[in-house]
Amino acid sequence: MKILVTGGLGFIGSHTVVELQNKGFEVVIIDNLSNSSEDVLKGIVAITGKQPIFEKLDLREKHAVKDFFKKHTDVSGVIHFAASKAVGESVANPLLYYENNIASLVYLLQELQQKPEAHFIFSSSCTVYGQADVMPIDENASIKPAISPYGNTKQIGEEIITDVTKVSNINAILLRYFNPIGAHPSGEIGELPIGVPQNLVPFITQTGMGLRKELMVYGNDYPTPDGTCIRDYIHVVDLAKAHVVALQRLIEKKNTDKVEVFNLGTGVGSSVLEVISSFEKVSGKPFPYKIVAKREGDVTKAYANTDKANNVLGWKTESSLDESIESAWKWEQKVRSK
Ligand code: WQD
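What counts, and where the lines are drawn
Residues numbered from 1 in each chain as written. Predicted model: local features only at pLDDT ≥ 70, side-chain atom pairs only at ≥ 80, totals over all residues. Heavy atoms only, no water. UniProt positions renumbered as here; feature names shortened; annotations may be inferred. Helix = DSSP H or I, 4+ residues; strand = E, 2+ residues; numbered from the N terminus. Buried < 20%, exposed > 50% of the residue type's maximum accessible area, 1.4 Å probe, protein only. Pairing = 2+ DSSP bridges. Right-handed = clockwise from strand over helix to strand, strands pointing away. Near = heavy atom within 4 Å. Polar contact = N/O pair within 3.5 Å; in protein donor to acceptor, adjacent residues only side chain to side chain. Areas by Shrake-Rupley, 256 points an atom, 1.4 Å probe, with all protein chains shown as cover. Nonpolar A, V, L, I, M, F, W, Y, C, P; charged D, E, K, R; others polar. Domains from an automatic or database assignment. Contact = heavy atoms within 4.5 Å. Expected span 1.5 Å × (residues − 1). Arc of directions from axis to C-beta.

Here the UniProt-annotated "domain: NAD(P)-binding" (unreviewed entry) positions come out as residues 4-326. The span residues 4-326 is 38% helical and 19% strand by assignment, and the distance between its end C-alpha atoms comes to 31 Å.

Following this line, the structure appears as structure tokens:
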């Protein structure tokens, strides 16, 4: 069976391609290279020795999507990562997000619903919960009104998939990620933010390399032990492995519903200052930061209840925060040494 990975040259996508290949799947990647580069392909091959098929394609081109499925008739498993994902950018340019994240999904599903059977894994996010009322967050937590168009596209995407599975042979698993960080231990692939990193860990590692003067910590007067926000930082390789387990669950028909939902996190909450301390431990040097005003749209706390992922999906994380931060730091040093 050939598996399509959309956005397969991206951060989480490329790590998932590696884990799919490790499990013997043939992989075809679609990526429009808007937030990645073909060099990532070399990194994947360097790790697995296997060349995935790569098709540069923009999923907003409906006919290109149709032509792709005419060419690759043996694709019946899809892991869909391709989407715009910057919260701030989505507020400034909502239509970019609604077109890219929603139209692409619709065109993909239109092709899959023609098939006698299709397995669909969707890249969703804990952002759908907003500020959840109870910690840790389980899959029954209420879906709060989205605070950004990015988050709204994830909520709408989940609803579209749910509706389509009711009238097609598509079975789906929605994976709600917490905060993916780190890089493959080989140092061959990792996160490659374009421009100034919006996310915490790549900003920290770039600061560690002297590319940034200091980290701005967005607020330290939240109702948390040290006043900074708490998140669930999950190693990207652990996250990638969860996608393969979820796909195998659908292939082996172990799913109990047409749509299943799993929160993917470590179950451990870490504050911004704790992440900084982890980096200082890993890098062996003091880290420059200053406290500034809160960032619009940030929730105070978000960390996962991992019971369902552990006990139903049969997956759990293996890496600690320090190990994840260490892998991110190793990757940053390697990228900057090229
Ligand atoms: C983490 C913490 C910031 C940068 C978002 C999306 C989520 C997913 C991951 C796509 C927060 C603080 C950050 C900085 C800081 N996106 N921070 N200074 O906002 O939890 O999640 O990215 O898959 O869907 O919502 O991640 O890394 O931006 O922030 O103090 O320069 O670090 O305030 O508390 P976030 P983040």
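Once you've had a look at it, read on.
So, on to the pairing of strand β1 (residues 2-6). Counted residue by residue, β1 has 5 buried out of 5 residues, so it is predominantly covered. Where burial is concerned, the two faces of β1 agree: the one with Lys2, Leu4 and Thr6 and the one with Ile3 and Val5 are both buried. In this structure, β1 lies alongside strand β2 (residues 26-31), joined through 5 bridges in parallel fashion. Bridged to Ile3 within β2 is Val27. Running through helix α1 (residues 11-22), the crossover from β1 to the neighbouring parallel element β2 is right-handed. As judged from the 5 bridges shared by β1 and strand β4 (residues 75-80), these two strands associate in the parallel manner. The partner of Ile3 across the bridge, within β4, is Gly77.

Let us now look at the pairing of strand β11 (residues 259-264). In terms of burial, β11 is largely enclosed, as 6 of its 6 residues are buried. Of the two faces of β11, the one lined by Val259, Val261 and Asn263 and the one lined by Glu260, Phe262 and Leu264 are each fully buried.

Further remarks concern the site of the ligand. Taken together, 19 residues surround the ligand, and among them Ser125, Leu200, Met216, Arg231 and Asp298 come closest. Separating an oxygen atom of the ligand from a side-chain N or O atom of Asn179 is a distance of 3.0 Å. Between the ligand and Arg295, the relevant distance is 2.8 Å, taken from an oxygen atom to a side-chain nitrogen or oxygen of the residue. Compared with its free state, where it exposes 690 Å², the ligand has 91% of that area covered by protein. Take the shell around the ligand: its biggest share by element is 4 residues, from strand β8 (residues 215-218). Its residues assigned to classes, the shell around the ligand comprises 10 nonpolar, 5 polar and 4 charged. Counting only domains with at least three residues in the shell around the ligand, you end up with domain 1 (2-181 + 233-264) and domain 2 (200-231 + 267-336).

Mapped onto the elements of the fold, Asp322 is located in helix α11 (residues 321-337). Asp322 gets classed as partly exposed once you look at its relative accessible area, which sits at 25%. Sequence separation between Asp322 and Phe279 is 43 residues, and the spatial gap between their C-alpha atoms is 7.5 Å. Residues contacting Asp322, with those up to four places away along its chain left out, are Ser278, Lys281 and Val282.

This paragraph deals with the sheet that holds strand β9 (residues 230-231). The 3 strands are arranged β12-β9-β14 in an open sheet whose pairing can be described as mixed. Strands with a single pairing partner mark the edges of an open sheet, and in this sheet they are β12 (270-271) and β14 (301-302). Bridge analysis of β9 against β12 gives 2 bridges, and the strand direction is antiparallel. In the sheet register, Ile230 faces β12, and the bridge partner there is Ser271.

Within the secondary structure, Arg231 is located in strand β9. At 2.9 Å, the side chain of Arg231 and the backbone oxygen of Val299 are in polar contact. Apart from the residues lying within four places of it in its own chain, the contact partners of Arg231 are Asn179, Val268, Gly269, Ser270, Asp298, Val299, Thr300, Lys301 and Ala302.

Before going further, it helps to spend a moment on helix α6 (residues 149-165). For α6, which comprises 17 residues, the first-to-last C-alpha distance of 24 Å matches the rise-based estimate of 24 Å (1.5 Å per residue) to within 8%. Among all positions of α6, only Pro149, Tyr150, Gly151, Thr153, Lys154, Gln155, Gly157, Glu158, Ile160, Ile161, Val164 and Thr165 are buried. Residues of α6 that are buried make contact with α4 (87-92), α5 (94-112), β5 (118-125), β6 (170-177) and β11.

Turning next to helix α2 (residues 39-48). Looking at α2, one finds that the buried residues are Val40, Leu41, Gly43, Ile44 and Thr48. Seen from one end, α2 has its buried residues packed into an arc of 160 degrees, which puts them on one side. Exposed residues pointing more than 90 degrees away from the buried face of α2 are listed as Asp39 and Lys42. If you follow the buried residues of α2, they end up packed against α1, β2 and β3 (53-56). Phi turns positive one or two residues past the end of α2, at Gly49, with a value near 75 degrees.

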